[in-house]
Amino acid sequence: MATAAITAEREHYLNKEYGIRSWLLTTDHKRIALLYLMSITFFFFVGGFFALLIRLELLTPAGDLVQADTYNKLFTMHGMVMVFFFLIPSIPAVLGNFLVPMMIGAKDLAFPRINLLSWYLYIIAGLMMLHCIVTGGVDTGWTFYTPFSTAFANTKVIEAGLAIFVAGFSSILTGLNFVVTIHRMRAPGLTWSRLPLFIWAHYATSIIQLLGTPVLAITLVLVVFERLFGLGIFDPTRGGDPLLFQHLFWFYSHPAVYIMILPSMGVVAEIVPCFSRKRIFGYKAIALSSIAIAVFGFLVWAHHMFVAGISLYSAMIFSILSYLVAVPSAIKVFNWTATMYKGSISFSTPMLYAFGFIGLFTMGGLTGLFLAALGIDVHVTDTYFVVAHFHYIMVGGAVMGYLGGMHFWWPKISGRMYPEAWGRLAALIVFLGFNLTFFPQFVLGYMGMPRRYWQYPAEFQVLNVMSTAGSTILAVGYILPMVYFLWSMRYGKIADDNPWGAAGLEWKTASPPPTFNFEEMPEVTWEAYNYDEIPAPVEVSLER
Amino acid sequence: MSDSPVVVEQHHGPELRHHFATVEQQRDASSLGMWLFLATEIMFFGGMFCAYLIYRLNYYNEFAAGSRSLDITLGTVNTIVLICSSLTVALGVRAAQMGKQKLLVILLLLTIVFGFAFLGIKGIEWYDKYKEHHIPGATFNADDIVHEYPQIHIDQSHEQIYFSLYFAMTGLHALHMIIGIGIFAFLTYEALKGKYGPQYNTPIEIGGLYWHFVDIIWIYLFPLLYLIDRKPLR
Amino acid sequence: MFDNFPLWPARASTGAGNVDALYVFLVLLATFMSVAIFIMIAIFAIRYRRQHNRHAEQIEGSTALEITWSVIPLGIFMVIFVWGALIYFQERTPPQGATEIYVVAKQWMWKIEHPEGQREINELHVPVGRDIKLIMTSQDVIHSFYIPAFRIKQDVLPGRYTTEWFRATKPGVYHLFCAEYCGTQHSGMIGQIVVMEPAQYQAWLTGGAASGSLAANGQSIFLQLGCSTCHRMDTQGRGPNLAGVFGKPVQLEDGRTVIADENYVRESILSPSAKVVSGFKPIMPVFQGLVSEDQLTALVEYVKSLSPQQSGAAGTPSLKPAGTRSEKE
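Treat the numbers as computed from the prediction; the structure is a model and nothing was measured.

Parameters and conventions
- Residues numbered from 1 in each chain as written.
- Chains lettered and ligands numbered in written order.
- Predicted model: local features only at pLDDT ≥ 70, side-chain atom pairs only at ≥ 80, totals over all residues.
- Helix = DSSP H or I, 4+ residues; strand = E, 2+ residues; numbered from the N terminus.
- Rg over C-alpha atoms; globule rule 2.2 N^0.38 Å.
- Buried ≥ 20, exposed ≤ 12 C-beta atoms within 10 Å, placed from the backbone.
- Contact = placed C-beta atoms within 7 Å.
- Nonpolar A, V, L, I, M, F, W, Y, C, P; charged D, E, K, R; others polar.
- pLDDT = per-residue confidence, 0-100.
- Pairing = 2+ DSSP bridges.
- Expected span 1.5 Å × (residues − 1).
- Bend = angle between axes of the 7 residues up to and from the residue.
- Axes fitted to C-alpha atoms, helices over the stretch in contact; angles between N-to-C directions.
- Parallel < 35°, antiparallel > 145°, perpendicular 65-115°, else oblique.
- Left-handed = near helix turned anticlockwise from the far one by under 90°.

**Student:** Looking at this structure, I do not really get the overall build of chain B. What am I missing?
**Tutor:** Secondary structure assignment for chain B yields seven helices and zero strands. Taken from the N to the C terminus, the helices and strands of chain B come in the order α-α-α-α-α-α-α. The C-alpha atoms of chain B give a radius of gyration of 22 Å, which is well past the 17 Å a tight globule of 234 residues would have. For chain B, the spread of C-alpha atoms along the three principal axes comes to 75 × 35 × 30 Å. Here chain B, with 234 residues, has 38% of them falling under the buried criterion. Sequence-distant contacts, at least 24 apart, represent 77% of the contacts inside chain B between residues at least 6 apart.

Below, the structure is given as structure tokens:
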């Protein structure tokens, strides 16, 4: 394969042009993906910093680290930053942007300039949010419940709401770009049933982004208007209804959680076959389950409102629908596991993250069953049980999927290998730190500790201390990849076109790819995951 | 779902962007993109329509009374203005397809004129509401409506919700109109440069789609806001 | 259970055990499923590791398996759903004859009023073995009345009443938490539920300086505000006679029929034109802004007291909790 000398001189998307203008005005989807990578990593650490402060405060029952108002701002901004500025963009904006055109044999997304616009909107939104944070912050909770947010909070609700509105626009445009690209720009011979499952997952995600985000947008607009002009749409003292806000808010925010998890499911569906040297088990089931999750995900929002004052019968309907939406996720877990049967398993870092994902997502998903059970939800809603549940899915699931994907495609993106031993170590640290942080929170929740509590009764302290200890370990696990990825860009082993021996069009071109992705546009005559035809790679060594 | 055909060197104008294989692919992609964007706009306005629906069911009297306080003549004129503007848009697309550049430019300009007419009339209506103290907020006062219907009890906070939704919905619609006018100004400028013709008129087509959509939103807003109950009073 | 490392709060109500039973079932199910997946992955990963198994066998899939592992989980989920729904149904259907206690939430305290007139702040004294129904509203933002030991929670909303009920089974002192974020002192809006033996409870009730029962208070407000001018105890009044009204269906001007529950009475005071009784004109003055939450509570209790055996059986046969203004939610 290519030697270091030849690769160093070959033109590719990173060295084609230098200078800040060539980056800030790029329309190359791969460069835009890297722009996003830098920005979302920044916001991940901002949100993570808030999380650390929260956990430090919760080391002791008394509120003794920060003031109550500050604490309320911390958890609000942790939520807003992590949800809107990290999780929602993460995989689609970084890995999706980079890979979707390549996986379907296209030169770029359908609308490259709109792709760049998406990034600028994200940056504008991010700056607005940062400004909001440093000039006082917001303390409504990321959920903005009324009438607190419209008539009682005296923090920067309007600015935060507008920042998220702009970020939502960015998300909508990304989704739009992906849907059109996947429909119209597939290479000849690439039928729907030959698409990688990563594409199916992003397609489903994009549908949700397109149809759900606008509802959040209008809801935030109405909240902003209400606050600015003293309207009463959500305020009972002025003829309005606070539950209307909750319905409108959750109509987006529930599907939003599927925006956050589906892409990482797509990542896992690429990693597991590669490191099992086997085609995926149940391709059709996994593809269709992504679509099913997207559709059913729109039908369950009021399971966040079982004790909010909705009618008994509404609650029952939403409960049963919530169980239906759990089925496709279960199907995926079984299919991924079955893929490993009689495979040829390698334990490279991406596969370790995939194992972690499957295990932790399973636990998080199973605890969703608890919450969908009406009788149980009454007790555990608004407690740490819910906090644990969604962190298992978001962090144990989505973030691990994201890290797994970053490691898997890092050679393609950068042309370098990350150091495998450090990769495996970091994966292990993340897994252990994560469980220590969040498992105790299930117990805390059932014990009755409510969420968003700055101070708490002494009997909850032991579990809180465990959780905080775990969070420090988790933080180390997250910092390590930052460090060694950066290190690898200079000192990492030069990567081959296909170091993992993976299936997929993106591996049929150089690492890093040329600006227009392929020297010659491919024509696809094979099924996805044709691992019977691809020889296994040389096992990636643990040195370096 | 058409896949792109095997790429063959094609004669194409400068309008073919390099990441597309053919002009057809580019046009299909642009068209699909605009339809999807309009779907998001439906969801965007949909949230407000949902709020409207719920409050109208619960506060029918106030909504009906508020509706009657709007000027139905101006509203009808505006509806006709917008429908005419959609006609000029449709004719413009056709003119572009037939290569009639001068006609295209005239039609685009007419569309913009209609757009401004709509906004002007809307401005007059809003000014009337301002004079009548029907703008929600600190200055809101619906005493006039209360006195107009002595036989029905009008709750002013409910009335304010009607007007909140009225201004939110017509306001966002007007914002979309302004953006539409901007888009059409750009299209007119490009048309003057001779950019559009039978071989390439996609921007006119998708700009037209956007304009038609904004028109259709109004077609819904008009009866919902103006025509709640115009039966003669008993 | 495990005193030094408890996994759940005390069980102090009739409902708590039911909730815990489902919880234990779910914990076992989740543990079983998680362990099963972990073990499968571990077995496959080790048995088929690359050094041991160079060649992978390409298996497309299996429709039979897909169906099996879709249908079986779905079946299990339906069992869980029904079980959970049954518990919820009981939780949201207060029994007849329950003692009603009013709760008014405000940033950042709980104000509690017993029908006998006893008032408390951040504490709720109740007797063991009696059905207690809480009728709750907020003066400002949304709060939530959460008693972990009883496994119950209900959001408390401004502008309407919501309810929850329980029957305590064990004397003791239990946590009361606000469970809906409500601002600065959200985590300080906590208190105690004090469950006492019936005799002790009686003693406690009569011990305090009771300022008259809630209903008696309500009656004096009723007179004071001039309600009795129109709502006379005969058929001559310009407003309906309120005797015997509470808890019964009322026919409205616009043809609808509603049940006269707490929300109806409250709404009729604050926004009288919303539901005008058939045969009457919409001339009742609006009392929004002229009565406080506490006065509203007292007035509602008074109207209730005008119906025989109605105190404690509010909003009877209909299954909607008194907290629903409309079924749309």
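Now that the structure has been shown, we can carry on.
**Student:** Sorry if this is basic, but what is going on with the environment of Gly405 of chain A here?
**Tutor:** Mapped onto the elements, Gly405 of chain A comes out in helix H15 (residues 384–414). Counting along the chain gives 108 residues from Gly405 of chain A to Pro513 of chain A, while the straight-line C-alpha distance between them is 17 Å.

**Student:** Honestly, the environment of Leu95 of chain A in this entry has me stumped. Any pointers?
**Tutor:** All names here are of chain A. Relative to the elements of secondary structure, Leu95 occurs in helix H5 (residues 90–103). Placed 17 residues apart in sequence, Leu95 and Pro112 show a C-alpha to C-alpha distance of 16 Å. Once residues lying within four places of it in the same chain are set aside, the contact partners of Leu95 are Val267, Gly405 and Trp409.

**Student:** Quick question: what am I supposed to make of the interface of chain C and chain A here?
**Tutor:** How big an interface is tends to be reported as the loss of accessible area on association of its parts. Listed by partner, the interface residues are 80 residues for chain C and 77 residues for chain A. Of all the secondary structure elements, the ones that give two or more residues to the side of chain C that touches chain A are helix H1 (16–47), helix H2 (63–91), strand E6 (143–147), strand E7 (152–156) and strand E9 (172–178) of chain C. If you tally residues by element for the side of chain C that touches chain A, the top one is H2 of chain C, at 16 residues. For the side of chain C that touches chain A, the class distribution of residues is 43 nonpolar, 21 polar and 16 charged.

**Student:** Explain the confidence of the model for chain B to me, please; I cannot follow it from the model alone.
**Tutor:** Regions with low pLDDT carry predicted coordinates that are not meant to be interpreted in detail. Residues and elements named next belong to chain B. Of all residues in chain B, 94% have pLDDT values of 70 or greater, and the mean over the chain is 91. Here residues 1–5 is modelled with pLDDT under 50, and outside its nearest four sequence neighbours on either side it reaches ten contacts, counting other chains as well. Interface confidence for the predicted complex, given as ipTM, is 0.93, next to a pTM of 0.90.

**Student:** Could you clarify how one ought to interpret the environment of Ala269 of chain A in this entry?
**Tutor:** Residue and element names in this part refer to chain A. Note that Ala269 resides in helix H10 (residues 242–276). As for Ala269 and Pro457, which are separated by 188 residues in sequence, their C-alpha atoms are 44 Å apart. Contacts of Ala269, omitting those with residues within four sequence positions, involve Leu197, Phe198, Ala201, Ile280, Ile286 and Trp336.

**Student:** Any chance you could explain the pairing of strand E2 (residues 109–113) of chain C here in plain terms?
**Tutor:** Two faces, one strand: in a regular strand the side chains alternate between the faces of the sheet. All names here are of chain C. As defined by bridge partners, strand E1 (residues 99–106) adjoins E2 across five bridges and the pair is classed as antiparallel. If you follow Ala105 over to E2, its bridge partner there is Trp110. Taking the residues between adjacent antiparallel strands as the criterion, E1 and E2 are bridged by two residues. Of the strand pairs in this sheet, E2 and strand E3 (residues 119–121) are connected by three bridges, and their pairing is antiparallel. In the strand pairing of E3, Glu113 is matched with Arg119. Connecting the antiparallel pair E2 and E3 is a turn made up of five residues, with Gly117 showing a positive phi of about 110°.

**Student:** Any chance you could explain helix H1 (residues 23–58) of chain B here in plain terms?
**Tutor:** Spacing of three or four residues puts side chains on the same side of an α-helix, whose turn is 3.6 residues. Its 36 residues place the ends of H1 of chain B 52 Å apart at the C-alpha level, agreeing with the 52 Å of an ideal helix rising 1.5 Å per residue. The largest bend in H1 of chain B comes to about 30°, at Gly46 of chain B.

**Student:** Teacher, can you tell me more about unusual backbone geometry here?
**Tutor:** The phi torsion of most residues other than glycine is negative, and most of the peptide bonds are trans. Note that the residue after Thr146 of chain A, namely Pro147 of chain A, is joined by a cis bond; omega there is -5°. Following the sequence through the fold, Pro147 of chain A ends up in the loop between helix H6 (112–134) and helix H7 (148–152). Backbone torsion omega between Gln107 of chain C and Trp108 of chain C reads 0°, so that peptide bond is classified as cis. Looking at where Trp108 of chain C falls in the secondary structure, it is placed in the loop between E1 and E2.

**Student:** Mind showing me how you'd approach the packing of H1 of chain B against helix H7 (residues 202–226) of chain B here?
**Tutor:** Any two packed helices are characterised by the angle at which their axes cross and by the distance between the axes. All names here are of chain B. Where H1 contacts H7, the two axes come as close as 10 Å, and the packing angle between them is 15°. Between H1 and H7, the interaxial angle falls into the category roughly parallel. Here the hand of the crossing between H1 and H7 comes out right-handed. Contacts from Arg27, Ser30, Ser31, Met34, Leu38, Glu41, Phe45 and Tyr52 in H1 reach Thr202, Glu205, Ile206, Leu209, Tyr210, Phe213, Ile217 and Leu224 in H7. Here the contact of H1 with H7 is built from residues that sort into ten nonpolar, three polar and three charged.

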